[in-house]
Amino acid sequence: MSGAEGRARRVLTEAPTDLIVDRLAAELARTYGITRTDLYQVDYRLAELLPLGDGEALARPGHPAWRAFDHQEPVIADEVGWFPVGMRGERRGVLRVSPVPADPDARRELDTIATVLGHELSAVMATTDIYRTARRSRRLTLAAEMQWELLPGRSRIRPSFSLAGQLEPAYAVRGDSFDWSDDGHRLWLAVSNGFGEGVAAALLASLATYALRNARRAGLSLADQAALADQAIYAQHRGQQHVSVLLIELDLASGEMTVVDAGSPRLLRLRAGEVTEQELDKQFPLGMFEGTDYREQTFRLEREDRLFVVSDGVIDATTEQGRYGEAALDRFLRRTGPMEPLDAVRSLIGDLRAFVAGDLVDDAVVVCLDWLGPQP
């Protein structure tokens, strides 16, 4: 690490929460002769890169900022450098600097500094609204605010897997959600399709998510996690409300996948260019009846398998011309093979928006999981 990079790191870690980018800009000007530094964050729809402060949103495909965001690599164009900002696979946006230094070592340092910026932004999110507010092109509904606060993130990368998810309509989502966690040995994933409307649906999703987290953190099996959450929801709503959930536990050493299907969204597998729906043992949604016992199934993934979990809001998206449907979904999923999971998710949501000529009316959730195989 050079002295310049080390000083920039210290500035980022010591700057006041509201002045992180300002203090970084001053340090980059002093060290690298950079006269302009701007942070652009991706919005909730994954459709625009929005500036922190004054400036225009970047939405045009092919823009250097989007190339840096999509490929997670620095892009230099017209003496402007665009560097990806993120943390452990969670893409937050891009850092714009100009004029960009010609020295390759300085450019590599700026790339590292942008990554450190991503970590610092993650660290302060719980204590300020500045960066969240700047990511919005419009106001979120209260239900959507609750749902986005509930999520663990939008993407995750580990040596053995890559994972991404998205909620739609992003600014007005209600009851659909997802959650995940990993400990280096196992990955847990829950994708839920909620019941009801508005804040009531968001509250139900919150109850289900926290009940499942509580059971998971207690070290319970997947079936017992479902049973505990089922009891919690039934105790609160006495069967009047329920949540459809797909629970997955993936052994990262073997690729063995354990599943509990509680009236869940669909599980689709892309293997060698072919899409198949995984047959699941369909069981009652969480909270529908008192004292439901849940059963686990196991499957073995092959290296390079890609899994999609999609809620009914994807397949049932409808226009006057008809329904999006399984055939269109299968065709599109086959085309996502070369894409990273977040790009695959964003592309599928974009295809749905194009199909309905705007935002989706019903809730939809899409999660994409790539199994890369056991790692030494």
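The paragraphs below set out a description of the structure included in this document. (Residues numbered from 1 in each chain as written. Predicted model: local features only at pLDDT ≥ 70, side-chain atom pairs only at ≥ 80, totals over all residues. Heavy atoms only, no water.)

**Focus: the sheet that holds strand β6 (residues 155-158)**
Within a sheet, each strand pairs with its neighbour through backbone hydrogen bonds, oriented either parallel or antiparallel. Quick reminder of the rule: For two strands to count as paired, DSSP must find a minimum of two bridges between them. Counting from the N terminus, the helices are DSSP H or I runs at least four residues long and the strands are E runs at least two residues long. For helices, the axis comes from a line fit to the C-alpha atoms of the stretch in contact; other axes are also lines fit to C-alpha atoms, and the angle between any two N-to-C directions lies between 0 and 180 degrees. In what follows, residue pairs with any heavy atoms lying within 4.5 Å of each other are defined as contacts.
Reading across from one edge, β6-β7-β18-β15-β12-β13 is the order of the six strands in this open sheet, with antiparallel pairing throughout. Sheet topology places β6 and β13 (274-277) at the edges, where each strand pairs with a single neighbour. Within the sheet, the average angular offset between the axes of one strand and its neighbour, ignoring direction, is 15°. On top of the sheet, helix α10 (residues 325-335) reaches β12 (266-271), β13 and β15 (306-310); it is set at about 40° to β12, its chief contact. Across the sheet, helix α11 (residues 341-356) is in contact with β6, β7 (161-168), β15 and β18 (364-371); its angle to β7 comes to roughly 25°.

**Considering a nonpolar patch on the surface**
Selection rule: In this scheme, patches are assembled from residues that exceed 30% relative accessible area and form no salt bridge. Like charges are connected within 9 Å, while nonpolar side chains (Val, Leu, Ile, Met, Phe, Trp, Tyr) are connected within 5 Å. For accessible areas, the Shrake-Rupley method is used with a probe of radius 1.4 Å. Any residue's cover is judged against the shown protein chains and nothing else. Salt bridge, as used here: a side-chain nitrogen of Lys or Arg that lies within 4 Å of a carboxyl oxygen of Asp or Glu. When a residue's accessible area, from a 1.4 Å probe over protein chains only, is under 20% of the maximum for its type it is buried; when over 50% it is exposed; and in between it is partly exposed.
On the surface, a nonpolar cluster with roughly 270 Å² of combined accessible area is contributed by Leu 142, Val 199 and Leu 203. On the basis of relative accessible area, Val 199 is assigned to the partly exposed category, the value being 33%.

**Description of the pattern of salt bridges**
Under the criterion given, the structure shown has 31 salt bridges. A salt bridge links Arg 9 to Glu 5; its shortest N-O distance comes to 3.4 Å. Remark: Glu 5 and Arg 9 occur in helix α1 (residues 3-14); sequence separation between them is four residues, near one turn of the helix. Residue Arg 9 is classed as partly exposed on the basis of its relative accessible area of 29%. Take Glu 5: its relative accessible area is 8%, and that puts it in the buried class. Salt-bridge contacts for Arg 156 lead to Asp 182; the nearest nitrogen and oxygen are separated by 3.1 Å. You can see Arg 156 sitting in strand β6 and its partner Asp 182 sitting in strand β8 (residues 177-182), a full 26 residues away along the chain. Given the relative accessible area of 16%, Asp 182 is considered buried.

**A short note on the pairing of strand β10 (residues 244-251)**
Among the eight residues that make up β10, seven are buried, leaving the element largely enclosed by the rest of the structure. With eight bridges connecting them, strand β9 (residues 186-193) and β10 associate as antiparallel partners. Among the inter-strand pairings, Leu 189 is bridged to a residue of β10, identified as Ile 248. Across six bridges, β10 lies against strand β11 (residues 256-262) in antiparallel orientation. When the sheet's bridge partners are listed, Val 245 is paired in β11 with Ala 262. Counting the residues between successive antiparallel strands, the hairpin from β10 to β11 contains four residues, one of them, Gly 255, with a positive phi of roughly 80°.

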